[in-house]
Structures are given as structure tokens and as C-alpha cells.
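# Coordinate inspection notes
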Amino acid sequence: MLKTEKNRELTEKFNALYPGGHTNLRVSLEATQHRVFIVRAEGSRIWDVDGNEYIDYQGGLGPNILGHRHPEYVKALKDLLDTSSPCLGSGLFHTPDDIEVAEKLVKHVPCAERVKFCLSGSEAVQLAIRLARGYTGRPHFIRFGGHYHGWFDNIVGGMVDPNPKGKPYPFYDPDADPMTDPFFTKGRAPATDKESFLLPWNDADVLEDTLKKYGDEVALIHFEALVVNHGAMEPRPGFLQKVRELCTKYGIVMSIDEVITGFRTGIGGAQGHYGVTPDLATFGKAMAGGLPFSAVVGKAEIMEQLRDRSVLGPGTFNGNPLGMRAVLATLKILEKDNGAVYAKMEKVQKRLTDGLSAIAKKYGIPLRIQGARGLFYTAFGLDSDKVVYTEEDMANMDAGKMIQFWAALKQEGISALLGGRWYMSIAHTDEDVTRTLEAADKVMATL
Ligand SMILES: Cc1ncc(COP(=O)(O)O)c(C=O)c1O
């Protein structure tokens, strides 16, 4: 059982001062009533103010691919702070790291011919949209149901309209509950409701039909190749290739959102994993190993609009030296020995997911585990052998059991993300897996 006294005291103070939290997505309110205040982190472990130790599978929401305080990462940041400045004014001064980092991105990411840095994934996505509109001169962009691309008005929330009258704009319902539209927010600029078309994921016919009618109005198709934000829905075989083919046919910019998958599923991101090369890609999270940094990378002819300033992408902190050093250190660790750390992480992850599946089988609990290298989902209520491609495939998901499992594991010192998402890091060990499986066995026996 976790000790809670100090965490509880700080939670009360926190909730009085902060309306919501640092990020306030529509997660179970219950979770926000028991905040955990961390005072130490090392490798795969974190410790809170009450002295509880956790194996951390939250990964800082994705960035912590290295685990915590990787010695080479810490040294690289310290060296920079000991000798120079974390901020030199975006575009006023540069550091030699700028060159090394960009060369590595161009080397590892298939679509990257030019690179441009920002700070958050949300910002990178907005820049991709602007670049695509500038390049094509067209107003709309396409996104897919269940995908998440940041909190800005034009891209957050909304549901696929099953019977659109005319253009397939997203459908916003202020009364929709968080399970139906988890990213709905009041306060969006009304005009942004009609910037995007929102289509069902993995439906090539609907996409083709939409483009036949409105293709010459579409600047960009932006999407997660593996929909990590919604059950890790995989692309159906051939779907990504179809998107590529249609984008080329209609002169649309194809943009893969690699904010989660970038440098997590592998050094080449999801595009490397699936072997489909977009025109643009957005990166964030794991790229800088824990510091706020993001990027848009892509084809020279689109990115070159930034050089003549026909498209602007300003930002005081863009390319700041500390962030650059963080990206450089992260990539150096990940690319070493031909990506040996990825191979090790994959092995540890497989032992964990195989173990969780076996325990669920032992207790007769339906559990589908799905994901890619570096991340996976535990979806209770679903057939273990059936791949999740669409929202319909998730219809029988048992959200109640998922919360129960998550909360009980937390009591055992295992910290996964609410909603069944698990992030791996290169710091996770076989011993972590053994402890996690012991805890999972104890908890599943009671579900
Ligand atoms: C796929 C994807 N794109 C974009 C974003 C937005 O990134 P940020 O939260 O850094 O603004 C996220 C955040 O979770 C994401 O998962």
C-alpha cells in the first residue's frame, strides 16, 4: 500500500492554486484528486515525497525514451551549462550543435531534406499546416478520427460526422462525454470549425471519395501512422501506401505526425518502421529526451518557403542551445552501435507484453495488447488475437477494468498511464519486468 500523507497535503495546495493542472485533458477527475509529487528519478524508477518507489512506464507522456538521468545525457547538458548559455536568441547566434543535429535528422529520417525547430508538438503541427497551405495555396486539411495533434483551435477535438451534408467538416457536440470526444473544448474560434475535414481512420474509400470531390481544396493530410493516441490503432495493410498514392495524385502534402513515434519506435520513426515516406513530418517528445523541443522536417521544395520568408516560423526559443544539446545527446545514445539500445528495449518489452498476455489468459481475462517498439496498450475486454484498426474494433473495451487495473498496479509501485498506455525506455530492465509481472499477477487475480 502506498504512503500518501505528504502527497495528499501537496495535492490540496496544488488544486487550490492550479485550475486543472499543468495539462488538463478530460481524464478521470478522480486521478487529479491524488497527485503524486516526485522528488527523485533514476533510470526506470521514480520516488515521491512520501518515499514510495515506482517503476515508471508513463515516460513523461512520451519524451523519456532514455529513462531518467541517463549519464551521457546529463553530462552533455551539464557541459553546455558549464561553458555557454542555454539561450542565445533564436537566429541571432548559433552553436556548432545546430549542424550536427540537422545532419543526424537528415541521415535518419527518410523524408528529412531540411529541418526547422520549434518547442512543442502543437507548434510543429501548426507550422506543418502553414507550410502546406503556403506550398499548395489551398485552404483545407484532412485529419482522422481518434488522432491527436495538439491543443490548437483548428485541430483539437470534434467527431467524424457519419453523414456529412457537403464537406466532411468535424462535428462538435458540447454535450458529448469525454469517452466520445475526449478533446472537446469550449472557447475555440468558430471559424476554425471549418478548417479541416475529419474522416474515419483506415477507410480508403471515404478518403478517395472525399478527394474526388474536394481534392483541389486540400493542402495537407496530417495523421499518426500508428494511432498511439487512440488504442494504438494500426494502419490497415496498404492504407498508408494508399494515402501516399492519393497525396501524389492530388498534389496534397502528406504529413506524418511523429511527435510520439519519432525516435521511439526507432531511429527512423514510424515512416521508417512502415516504409512509407511522407512529404513532411512533425517531431517532438522523445527527440530531446525530456526537454521541450520539436521539429518539422521534410522535402526541400516545401521547407524552402522558410528561406525566402514567404512562410514564417518565428519563435524566441527556437533552436535554443540547451535543447539542441539535448537532441544531440539523445540521438548519439540512440544511434550508437546501430541502434543496439532499441534492440535491447524491444526484448525487454516483449518479455513484459508476453508475460501480461499469459497472466490474463491464466485468469480468463480478455486482453488485447497492441503497439510498436517503445509503447503498447493493454485493452481489457478485447479479443487478444484481433488487431485493432478502427473505433468499432474497440467497441467492447472495458474502460472500468482498465482503470481498476491501473489504480491497483499503482498501489504496487507500477506506474502506467491512465487509459492503458505504457511507454518503455531504454532504461527498463529484466528485473523491472519481473517485478511488474508479479504485481500484474496479483492484481489480475482480483479483477
Ligand atoms: C501525435 C501528437 N502530435 C502532437 C502532439 C502535441 O504535442 P505537445 O503536447 O508537445 O504540444 C501530441 C501530444 O501528445 C501528440 O501525441
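Parameters at a glance
Residues numbered from 1 in each chain as written. Predicted model: local features only at pLDDT ≥ 70, side-chain atom pairs only at ≥ 80, totals over all residues. Helix = DSSP H or I, 4+ residues; strand = E, 2+ residues; numbered from the N terminus. Rg over C-alpha atoms; globule rule 2.2 N^0.38 Å. Buried ≥ 20, exposed ≤ 12 C-beta atoms within 10 Å, placed from the backbone. Pairing = 2+ DSSP bridges. Axes fitted to C-alpha atoms, helices over the stretch in contact; angles between N-to-C directions. Contact = placed C-beta atoms within 7 Å. Parallel < 35°, antiparallel > 145°, perpendicular 65-115°, else oblique. Left-handed = near helix turned anticlockwise from the far one by under 90°. Core = buried A, V, L, I, M, F, W, Y, C linked by C-beta atoms within 7 Å. Domains from an automatic or database assignment. Near = placed C-beta within 6 Å. Nonpolar A, V, L, I, M, F, W, Y, C, P; charged D, E, K, R; others polar.

Take the overall build of the protein chain next. Counting its secondary structure elements, the protein chain contains 12 helices and 14 strands. Computed over C-alpha atoms, the radius of gyration of the protein chain comes to 22 Å, within 12% of the 22 Å expected from 2.2 N^0.38 for 447 residues, which places it in the range of a compact globule. On the principal axes, the C-alpha backbone points of the protein chain span a range of 60 × 60 × 45 Å. The burial tally for the protein chain puts 44% of its 447 residues in the buried class.

One open sheet accounts for three strands, arranged 11-12-14; its pairing is antiparallel. Whereas interior strands pair on both sides, the edge strands pair on one side only; in this sheet they are strand 11 (367–372) and strand 14 (421–423). Strand-to-strand twist across the sheet, computed as the mean angle between neighbouring axes with direction ignored, equals 20°. By the bridge criterion, six bridges tie strand 11 to strand 12 (residues 375–380) in an arrangement that is antiparallel. If you follow Ala372 over to strand 12, its bridge partner there is Leu375. With respect to the sheet, helix 10 (residues 321–362) is in contact with strand 11 and strand 12, its orientation differing from that of strand 11 by roughly 165°.

Within a regular strand, the side chains alternate between the two sheet faces. Burial analysis of strand 5 (residues 140–144) places four of its five residues in the buried class, the great majority of the element. Bridge analysis of strand 5 against strand 7 (residues 218–223) gives three bridges, and the strand direction is parallel. Its bridge partner lying in strand 7, His140 is registered against Val218. Note that strand 5 and strand 6 (residues 196–199) share four bridges and pair parallel. Among the inter-strand pairings, Phe141 is bridged to a residue of strand 6, identified as Ser196.

When two helices pack together, their arrangement is given by the angle between their axes and by how far apart the axes lie. At a closest axis distance of 9 Å, the pairing of helix 4 (residues 97–108) and helix 10 adopts a crossing angle of 45°. One way to sum up the angle between helix 4 and helix 10 is to call them oblique. Regarding helix 4 and helix 10, the two cross each other, and that crossing is left-handed. Every residue of helix 10 that contacts helix 4 at Asp97, Asp98, Glu100, Val101, Lys104 and His108 is listed here: Pro321, Met324, Arg325, Val327, Leu328, Leu331 and Glu335.

Let's shift gears to the environment of Asn154. Secondary-structure assignment places Asn154 in the loop between strand 5 and strand 6. For Asn154, a count of 20 C-beta atoms within 10 Å gives the class buried. For the pair Asn154 and Arg138, spaced 16 residues apart in sequence, the C-alpha to C-alpha distance is 15 Å. Sequence-distant contacts of Asn154, that is, excluding residues within four places in its chain, are made with Thr192, Glu195 and Ser196.

Within the largest apolar cluster, 116 residues are counted, with the highest numbers of intra-cluster contacts made by Ala128, Ala132, Val253 and Val297. Two domains each put at least three residues into this core: domain 1 (5–70 + 338–444) and domain 2 (88–319). Ignoring any residue separated from it by four or fewer positions in sequence, one finds Val297 in contact with Leu105, Val109, Cys111, Ala112, Arg114, Val115, Ala281 and Phe283.

Around the ligand there are 13 residues in total, and Ser120, Gly121, Ser122, Gly150 and Val259 lie nearest to it. Here the residues of the shell around the ligand are counted per class, giving four nonpolar, seven polar and two charged.

What follows deals with the sheet that holds strand 13 (residues 414–415). Pairing is mixed across the open sheet formed by four strands, whose spatial order is 1-2-3-13. Looking along the sheet, the strands with just one partner apiece sit at the ends: strand 1 (38–42) and strand 13. The sheet contact formed by strand 1 and strand 2 (residues 45–48) spans four bridges and is antiparallel. Directly across from Ile38, in strand 2, lies its bridge partner Asp48.

Bringing the packing of helix 3 (residues 71–83) against helix 10 into the picture now. Remark: helix 3 packs on helix 10, axes separated minimally by 9 Å, with the N-to-C direction vectors making an angle of 150°. Classified by the angle between their axes, helix 3 and helix 10 sit roughly antiparallel to one another. For the element pair helix 3 and helix 10, the recorded crossing hand is right-handed. For the pair helix 3 and helix 10, contact is made by Glu72, Tyr73, Ala76, Leu77 and Leu80 and by Pro321, Leu322, Arg325, Ala326, Leu328, Ala329, Thr330 and Ile333, respectively. Residues belonging to the contact of helix 3 with helix 10 are distributed by class as follows: 10 nonpolar, one polar and two charged.

Counting buried residues along strand 10 (residues 294–298), five of its five residues qualify, which places the element largely inside the surrounding structure. Side chains Ser294, Val296 and Gly298 of strand 10 all project onto a buried face; the interleaved residues Ala295 and Val297 project onto the opposite face, where all are buried too.

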